[in-house]
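The chain contents come next:
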Amino acid sequence: MENFNKQTALPDGSDSVLASICYCANLKLFEKEKPYYCNVPCPPGYAQTNQETERRSGIKFTDMRSDWDGFNLDKQGFEPFCFDAEGWKSDFSNDAAIETTYYPFVESLLKRRFGNVRVQIFDHTVRKRDPTIQTGAVGENINRQPSVCAHVDQTFLSGVNRIKLHMKAEATDLLKGRCQIIKVVIAELGINQQLNSVWKPLFEPLEDYPLALCDYRTVNIDRDLLAADLVFPHYVGEQFYCKYDPDHQWYFLNHQRMNEFLLFKCYESRENVARCKCCEPSDGLVAPHAAFKNPLCPEGARFRESIEVRCMIFYDTDA
């Protein structure tokens, strides 16, 4: 992994900021009713979600630039990655253009990082923060907003089901080997997702509502993560909401640039990688994440725009 752009320090020379972040409230309701969120407009009389959030202040967010090479997907569950290429210069307002020009770039990025793997991209989300739009609003012609409540895109069950959904007849054989769902995120436009996410900004530097990631080793799965249904028009998935724990350690990438990506895991099939605090043999790896209001963001800074790409990665052997 290349070691780029570590020189951008916080204004006071420190390596962290104090801010607040939203967690899932630990409601008594969840003792008898499963949490859910409808990712479609609900008819009158039906709630979009039964979840409530609680804001925790005084949370320390450490800049990843302070130890760029110290982060690894199989250690914390996420890592920064720098890749100078022109592939991300796509028309991010057009889904077809994203799929034909940006998807191949993300695939090449992941193969450069992971070697001889099979990459299957299954969706992307463009987010453009608009203070006039309520967080979590859904519907046609509504820009998706940054997700401000700590969560994980997949549970261990839904990670397997997601692979079965997209890989169909191949899924049985693929699931015998090592599988990941990863998110790839960039920032002017950010990219998310092992199952993975790739996250990156679409302009630089990104200052408004950056993405924060929680070190998986500080998460207690049984106590901190709550499985919730995630309802789409064509599919009912499952995600983890994250409850507050004072031991959680949060990180972000200060002044993220367009050639800087965040990779983080949503699902991991292999045992004994990045063990959490309650490391049962069946546990996989996940990276709780959320956007947070950056106290150092200057007035008038451009509102966040990001694209997140979610990818399945299959290894030839259980690497």
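Bear in mind that the values here come from a model prediction, so they are computed numbers and not experimental data.

Trainee: Quick rundown of the overall build of the protein? Include the residues and the values.
Mentor: Each helix and strand in the protein was counted, giving four helices and 15 strands. Carbon and sulfur atoms form 47% of the exposed surface of the protein, whose accessible area is close to 13900 Å².

Trainee: Can you explain the pattern of salt bridges? Please cite residues and give values.
Mentor: Under the criterion given, the structure shown has 25 salt bridges. With its nearest N and O atoms 3.0 Å apart, the salt bridge here joins Asp74 to Arg178. Of this pair, Asp74 sits in the loop between strand E3 (53-63) and strand E4 (78-82) while Arg178 sits in the loop between helix H3 (171-174) and strand E7 (179-186), placing them 104 residues apart in sequence. A residue is classified by how much of its surface remains accessible, and Asp74, at 27% relative accessible area, is partly exposed. A salt bridge links Glu268 to Lys265; the nearest nitrogen and oxygen atoms lie 2.5 Å apart. Residue class for Glu268 comes out buried when judged on its relative accessible area of 2%. By relative accessible area, Lys265 is classed as buried at 0%. It is possible to trace a salt-bridge network through shared partners that takes in Asp123, Arg127, Asp153, Lys183, Glu308 and Arg310.

Trainee: Residue-level account of the packing of aromatic side chains, with values.
Mentor: Summed over all chains, the structure comprises eleven aromatic pairs. Residues Tyr23 and Trp250 carry aromatic rings whose centres are separated by 6.3 Å and whose planes lie at 70° to one another, so their mutual orientation is edge-to-face. When sorted by exposure, Tyr23 lands in the same class as Trp250, which is buried. Measuring from ring centre to ring centre gives 6.0 Å for Phe78 and Tyr251, while their planes differ by 45°; the resulting arrangement is tilted. These aromatic residues form a ring-pair network of at least three members: Tyr23, Phe61, Tyr244, Trp250, Phe252 and Phe292. Over the ring of Tyr315 we find Arg178, and its NZ or CZ is 4.9 Å from the ring centre.

Trainee: Lay out the side chain of Glu260 with the relevant residues and their values.
Mentor: Note that Glu260 resides in strand E13 (residues 260-268). With relative accessibility at 0%, the residue Glu260 sits in the buried group.

Trainee: Lay out the confidence of the model for the protein in plain terms, naming residues and giving numbers.
Mentor: Residues with a pLDDT of 70 or more make up 81% of the protein, whose mean pLDDT is 84. Residue range residues 1-7 is modelled with pLDDT below 50. Its contacts to residues more than four positions away, or to other chains, number 25 contacts. Low pLDDT (under 50) marks residues 278-284, which in the prediction has 17 contacts with non-local residues, meaning those over four places away or in another chain.

Trainee: How would you explain helix H1 (residues 95-114) if you had to name every residue and give the values?
Mentor: Taking the largest bend as the criterion, H1 deviates by roughly 35°, centred on Tyr102, and proline Pro104 comes between one and four positions later. Taken residue by residue, H1 has Ala97, Ile98, Tyr102, Tyr103, Phe105, Val106, Leu109, Leu110 and Phe114 as its buried positions. Its side-chain oxygen placed 2.9 Å from the backbone nitrogen of Ala96, Asn94 serves as the N-cap of H1. One or two residues past the end of H1 sits Gly115, with phi positive at roughly 85°.

Trainee: With reference to specific residues and values, describe the nonpolar core.
Mentor: The tendency in soluble globular proteins is for nonpolar side chains to be buried as a group. Counting 25 residues, the largest nonpolar core has Tyr102, Val106, Leu110, Val184, Phe261 and Leu263 as its most contacted members. Residue assignment for this core shows that the elements contributing at least two residues are H1, strand E5 (117-128), E7, E13 and strand E15 (305-315). Looking at this core, the element that brings in the most residues is H1, giving eight residues. Counting 22 residues, the second-largest nonpolar core is a separate cluster that includes Val219, Leu225, Cys242 and Phe252.

Trainee: Explain unusual backbone geometry to me, using residue names and the numbers behind them.
Mentor: Its identity is not glycine, yet Lys168 carries a phi of approximately 50°, on the positive side. Relative to the assigned elements, Lys168 resides in the loop between helix H2 (156-167) and H3. Non-glycine residue His255 carries a positive phi angle of around 55°. Note on placement: His255 falls in the loop between strand E12 (250-252) and E13.

Here is what the cut-offs are and how they apply
- Residues numbered from 1 in each chain as written.
- Predicted model: local features only at pLDDT ≥ 70, side-chain atom pairs only at ≥ 80, totals over all residues.
- Heavy atoms only, no water.
- Helix = DSSP H or I, 4+ residues; strand = E, 2+ residues; numbered from the N terminus.
- Areas by Shrake-Rupley, 256 points an atom, 1.4 Å probe, with all protein chains shown as cover.
- Salt bridge = Lys/Arg side-chain N within 4 Å of Asp/Glu carboxyl O.
- Buried < 20%, exposed > 50% of the residue type's maximum accessible area, 1.4 Å probe, protein only.
- Phe/Tyr/Trp six-rings, centres within 6.5 Å; stacked < 30°, edge-to-face > 60°.
- Lys NZ or Arg CZ within 6 Å of the ring centre and 35° of its normal.
- pLDDT = per-residue confidence, 0-100.
- Contact = heavy atoms within 4.5 Å.
- Bend = angle between axes of the 7 residues up to and from the residue.
- Polar contact = N/O pair within 3.5 Å; in protein donor to acceptor, adjacent residues only side chain to side chain.
- Core = buried A, V, L, I, M, F, W, Y, C linked by side-chain atoms within 4.5 Å.

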